Amino acid sequence: MTGLVENIGMIKARIASASLRSGRRPGDVRLVAVTKTVGPDAVLSAIECGLKEFGESRVQEAQRKLSSKELRVMGEDISWHLIGHLQMNKAKAAVGIFDLIESVDSAELAQTLNGHAGKAHKVQRILLQVKLSDEESKYGIKNKNIADFIRRVNDMENLRLEGLMTIPPFFEDPENARPYFRRLRQIRDEIAVAGTFLPELSMGMSNDFDVAIEEGATIVRIGTAIFGERKGKEAS
C-alpha cells in the first residue's frame, strides 16, 4: 500500500502542476485509474487511497472483478469507465456495468447501446472515440464523420454524449503526442462553434498525461504509473 500511496500522490502533484500551467484548477482534471490486469485487492487498495474512478478495457474482466467478494463492498460513489474497444455483442453487458463508455467508435454501436440503455431505463453516458492516427490497431471515428455521428446521437433518448476520447500512437518522447492532443481539443472547439458543447476530453496516459493536460484534457487514464508494469493477464 505504501508504494501505491506514493504513486498516487506523485501523479496528483503532476496533474496539479500541468493544470496550473494550462490555466486551470487541478480539480478540473479527473484521474481514472486503469485497472487492466490488476486484481480486486489492488483496486480496493486504490479506493482506500481515495481514488473513485476506474477504467477497464474489457467487459469480461470488469464483470469478474465487480463480482468478486472484495469489490462487492464498494460505495455508490465509485464509477467505472470502459476505455477499450467494445464489441456489439458485449454492449448489453457494458450498459449494465459502466457509468461512462469512453470508446464509442461508430453510430451503429451508439444505436445498439441506446437500445439496451432504453430497456434498462438508463441514460448511458458516452464519449466518442476519435481516430487521429493511421495505425490499424486504433479504433475511432474519423474527423469527417463526427458531425453526422453527433446528429444521430442527439436523436437517441437514452444516450448522453459528454465529450471526445483519443489514443495517439505511443512515443518515448511525450512531446511527440502533443499534436494529437491539440487536434482533439481543436475538434472539440470546432464542434462547439457549430452548436454542440462537449465538456470532456479524455486523453493522456502514464507516459504522456502531463502534455495531454497542457492541451486541455479533462480526464486522464493512468494505469502503469499507479499500479506498476503489467505482469500478464489477470488470473481467472
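Residues numbered from 1 in each chain as written. Predicted model: local features only at pLDDT ≥ 70, side-chain atom pairs only at ≥ 80, totals over all residues. Heavy atoms only, no water.

Trainee: Looking at this structure, I do not really get the environment of His81. What am I missing?
Mentor: Along the chain, His81 turns up in strand 3 (residues 79-82). His81 sits in the buried class, given a relative accessible area of 1%. C-alpha separation for the pair His81 and Ala94, spaced 13 residues apart in sequence, amounts to 9.6 Å. Every residue in contact with His81, bar those within four places of it in the chain, is listed here: Arg30, Val32, Glu53, Phe54, Gly55, Glu56, Phe98, Leu100, Glu102 and Ile219. A polar contact is formed between the side chain of His81 and the side chain of Glu102, at a distance of 2.7 Å. (Helix = DSSP H or I, 4+ residues; strand = E, 2+ residues; numbered from the N terminus. Buried < 20%, exposed > 50% of the residue type's maximum accessible area, 1.4 Å probe, protein only. Contact = heavy atoms within 4.5 Å. Polar contact = N/O pair within 3.5 Å; in protein donor to acceptor, adjacent residues only side chain to side chain.)

Trainee: What should I look at first to understand the side chain of Lys138 in this one?
Mentor: Looking at the secondary structure, you find Lys138 in the loop between strand 5 (124-129) and helix 6 (146-154). At 2.9 Å, the side chain of Lys138 and the side chain of Glu135 are in polar contact. Ignoring sequence-local partners within four residues, the contact set of Lys138 consists of Lys131, Ser133, Ile167, Pro168 and Pro169.

Trainee: Sorry, what's going on with helix 2 (residues 40-48) here?
Mentor: For helix 2, the set of buried residues is Pro40, Val43, Ser45, Ala46 and Ile47. Following helix 2 by one or two positions, Gly50 adopts a phi angle in the positive range, close to 105°.

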